[in-house]
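The residues making up each chain are set out below.
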2 protein chains.
Amino acid sequence: MRITALAGGVGGAKLAHGLAQILPPEDLTIIVNTGDDFEHLGLYICPDLDTVCYTLAGLANPQTGWGRANETWNAMANLKRLGAPDWFNLGDSDLATHIERTRRLKEGQTLSQITRDFCKAWGVKHTVLPMSDQPVRTIVETEEGDLPFQEYFVHRKCEPRVKGFRFEGADVAEPAPGTREALQSAEAVVICPSNPWVSIDPILRVLSLTLSPLRPPSPLPLGEGKGGWGEGVRVAVSPIIGGQTVKGPAAKMFSELGIEPSALAVAKHYGALLTGFVMDETDAQLREEVRGLNMRVLVTNTLMQSLDDRMQLASEVVNFIREAI
Amino acid sequence: MRITALAGGVGGAKLAHGLAQILPPEDLTIIVNTGDDFEHLGLYICPDLDTVCYTLAGLANPQTGWGRANETWNAMANLKRLGAPDWFNLGDSDLATHIERTRRLKEGQTLSQITRDFCKAWGVKHTVLPMSDQPVRTIVETEEGDLPFQEYFVHRKCEPRVKGFRFEGADVAEPAPGTREALQSAEAVVICPSNPWVSIDPILRVLSLTLSPLRPPSPLPLGEGKGGWGEGVRVAVSPIIGGQTVKGPAAKMFSELGIEPSALAVAKHYGALLTGFVMDETDAQLREEVRGLNMRVLVTNTLMQSLDDRMQLASEVVNFIREAI
């Protein structure tokens, strides 16, 4: 079964990794958010793309979820000593990725080409695609003004209250080569448990997938294609469990936008985009309400603490899709 | 006694370090070659400047003379894995220097300002000046064509036969702030045991100091000022001992240009620029010939294998200068 997954950073990478364990390379494509890419210290950094690739390659730091395992921090320590901006931590092994990517971009290579080459070098066999080769920049509109995503997320530690989001460049950015085809040809699209506002919405916007997060969902027959989607099922896995996020500011963002954070809120956010929804056992009591949004519902353990958890959840998602087809 | 030293990489850095041990910060300025600076992997790298600063700061790798002590190589290993150009080794701690320097240059800071800030951060108290804030590029003219210096030196391991040198940009590059003043106000200028052709000549050229390496020297009274020099004595320490260089291609370059490599050849190279010359005991038999070039001569141990050697040679050079004043 051909699946195309949409993913942001750590949570999305975990499910993508689980899917990669049970699907052959030709059956899984992962489209990754690049809205939180930024230039820092003269280097072009793609946090979500790197997290997904490192995770698939088995190179990721298992404690943090981001960055590299067995990392050293000598460049960073010396950058601090020289008074360089030090709010974004870059490990020594990780730095190589940014240095070589920046060098290749300046040579005129596209982010897609570079990602393909890097995946090959890292032994990643499944296809990882950036959502676009053109810059898209997620801006977090806060009560303290507009903040580029990493400024909000890392430098300001998600403290400023959120008022909204915009994705600069999203309307003119071309979807990266292969993304449209991957969506059209997939039997199912899986929206990984990433932040709906800042990890998944930029992908939906760039790929011109109908996005109406604040409208109530309209009923949609299972499997009906619309917009840029293919004809397959479309399933999201909730990043919110028991009203909280495992990692990151998704729950805080829902709250600050006046929406009670819950799996139900996530289901409503995607609304008519979805034909199915996967949420944690903790939230079993929301099952009927989500069903009322015209989605099939799978209730299972969605907290991925081990590699087994990732594979288990991936298997259940795949089975859930099979039943829906 | 105020001394201004001209230095290239490892050998020059050693003597500069010795001088810094025995002279207070206000009495020593070191002007460093930047003709072998280059851009690599998108980073602006100043090999000689970094070698001098790391050495003065006690941060240099004592085995290689270049790079940092206790260095790790994780970025480099990962750059290789990604297929990046890997002929120029960059350690993790060292990388911080290049990343932050490149960032500041792009912000519009000058190499002089950056070097001053870095020296402060590293605890270097003596003044280190790049020869210029504008780019000067040493090109090695070889039988295989023109090669930028690092391409010749590191990538091609000095193998191509040398036909000549040129210093692109040297005629329009302004001497860095403080360099002219340091030369004018110094009681003595010390040309460190660096490569005359590619480490010292670029400095002489940029500072418009009379440079006539291939002409026979004309007699010059001791202490007479000329060109951009001050009125003080001018002493060079031979980088060639017993017809060989301790490190680097200076002897090979003399040979390939048809000049028998020796301390005498170095003395002739600088010729009338010098009022004094320091050479190794191994070359004592050349003493009278060098004296015939109208220079005072100091014969001593010039091989610097330990910190004590550096300080010992620096002391003898300072005493030699005192006698000449």
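Now for a description of the structure that goes with this document. Not measured: the values here are computed from a predicted model. (Residues numbered from 1 in each chain as written. Chains lettered and ligands numbered in written order. Predicted model: local features only at pLDDT ≥ 70, side-chain atom pairs only at ≥ 80, totals over all residues.)

## Let's talk about the relation of the copies chain B and chain A
At an RMSD of 0.0 Å, chain B and chain A line up after a rotation of 180° and a shift of 0.0 Å along the axis. Viewed as a symmetry operation, the transformation between the two copies matches a two-fold axis. Taking C-alpha positions as the reference, the residue of chain B nearest the rotation axis is Asp92 of chain B, at 3.0 Å. Both copies present the same face, since 100% of the interface residues in chain B are matched by interface residues at the equivalent positions in chain A. (Least-squares fit on C-alpha atoms with pLDDT ≥ 70 in both. Contact = placed C-beta atoms within 7 Å.)

## Details of the pairing of strand 7 (residues 145–148) of chain B
Residues and elements named next belong to chain B. Strand direction decides the pairing type here: strand 6 (residues 137–142) and strand 7, joined by four bridges, are antiparallel. By the bridge assignment for strand 7, Val140 is matched with Leu147. Taking the residues between adjacent antiparallel strands as the criterion, strand 6 and strand 7 are bridged by two residues. (Pairing = 2+ DSSP bridges. Helix = DSSP H or I, 4+ residues; strand = E, 2+ residues; numbered from the N terminus.)

## Here we look at the interface of chain B and chain A
With 24 residues of chain B in contact, the opposing surface of chain A contributes 24 residues. Taken together, the elements giving at least two residues each to the side of chain B that touches chain A come down to helix 3 (74–81), helix 4 (92–107) and helix 5 (111–122) of chain B. Ranked by the residues each element gives to the side of chain B that touches chain A, the list is headed by helix 4 of chain B, at 10 residues. In terms of residue class, the side of chain B that touches chain A is made up of 10 nonpolar, eight polar and six charged. (Nonpolar A, V, L, I, M, F, W, Y, C, P; charged D, E, K, R; others polar.)

## Here's the deal with the environment of Ala7 of chain B
Residues and elements named next belong to chain B. Take Ala7: it is sitting in strand 1 (residues 3–7). Measuring from C-alpha to C-alpha, the distance between Ala7 and Asp36 comes to 12 Å, with 29 residues separating the pair along the chain. The contact partners of Ala7, leaving out residues within four places of it in the chain, are Gly12, Ala13, Ala16, Ile30, Val32, Val52, Cys192 and Ser194.

## Let's talk about the sheet that holds strand 8 (residues 162–168) of chain A
Within a sheet, each strand pairs with its neighbour through backbone hydrogen bonds, oriented either parallel or antiparallel. Residue and element names in this part refer to chain A. Sheet architecture is open: three strands sit in the order 7-6-8, paired in antiparallel fashion. The sheet is open, and its two borders are formed by strand 7 (145–148) and strand 8, each paired with just one other strand. Averaged over all pairs of adjacent strands, the angle between strand axes in this sheet comes to 25°, irrespective of strand direction. Contacts between helix 8 (residues 196–206) and the sheet are confined to strand 6 (137–142) and strand 8, with strand 8 contributing the most and set at about 35° to the helix. (Axes fitted to C-alpha atoms, helices over the stretch in contact; angles between N-to-C directions.)

## Observations regarding the nonpolar core
If you look at the biggest cluster of nonpolar residues, it comprises 206 residues, and the most contacted ones within it are Ala16 and Val235 of chain A together with Ala16 and Val235 of chain B. Not counting residues up to four positions away in its chain, the partners in contact with Ala16 of chain B are Ala5, Ala7, Ile30, Val52, Thr55, Leu56 and Cys192 of chain B. (Core = buried A, V, L, I, M, F, W, Y, C linked by C-beta atoms within 7 Å. Buried ≥ 20, exposed ≤ 12 C-beta atoms within 10 Å, placed from the backbone.)

## With respect to the sheet that holds strand 2 (residues 28–32) of chain A
Residue and element names in this part refer to chain A. Here seven strands make up an open sheet; going across it, the order is 5-2-1-9-10-13-14 and the pairing parallel. Lying at the two open borders of the sheet, with one neighbouring strand each, are strand 5 (127–130) and strand 14 (296–300). For this sheet the average axis-to-axis angle between neighbouring strands, irrespective of direction, equals 20°. Bridge count for strand 10 (residues 233–237) against strand 13 (residues 276–280) is three bridges, and the pairing is parallel. Looking at the pairing, Ala236 lines up with Phe277 of strand 13.

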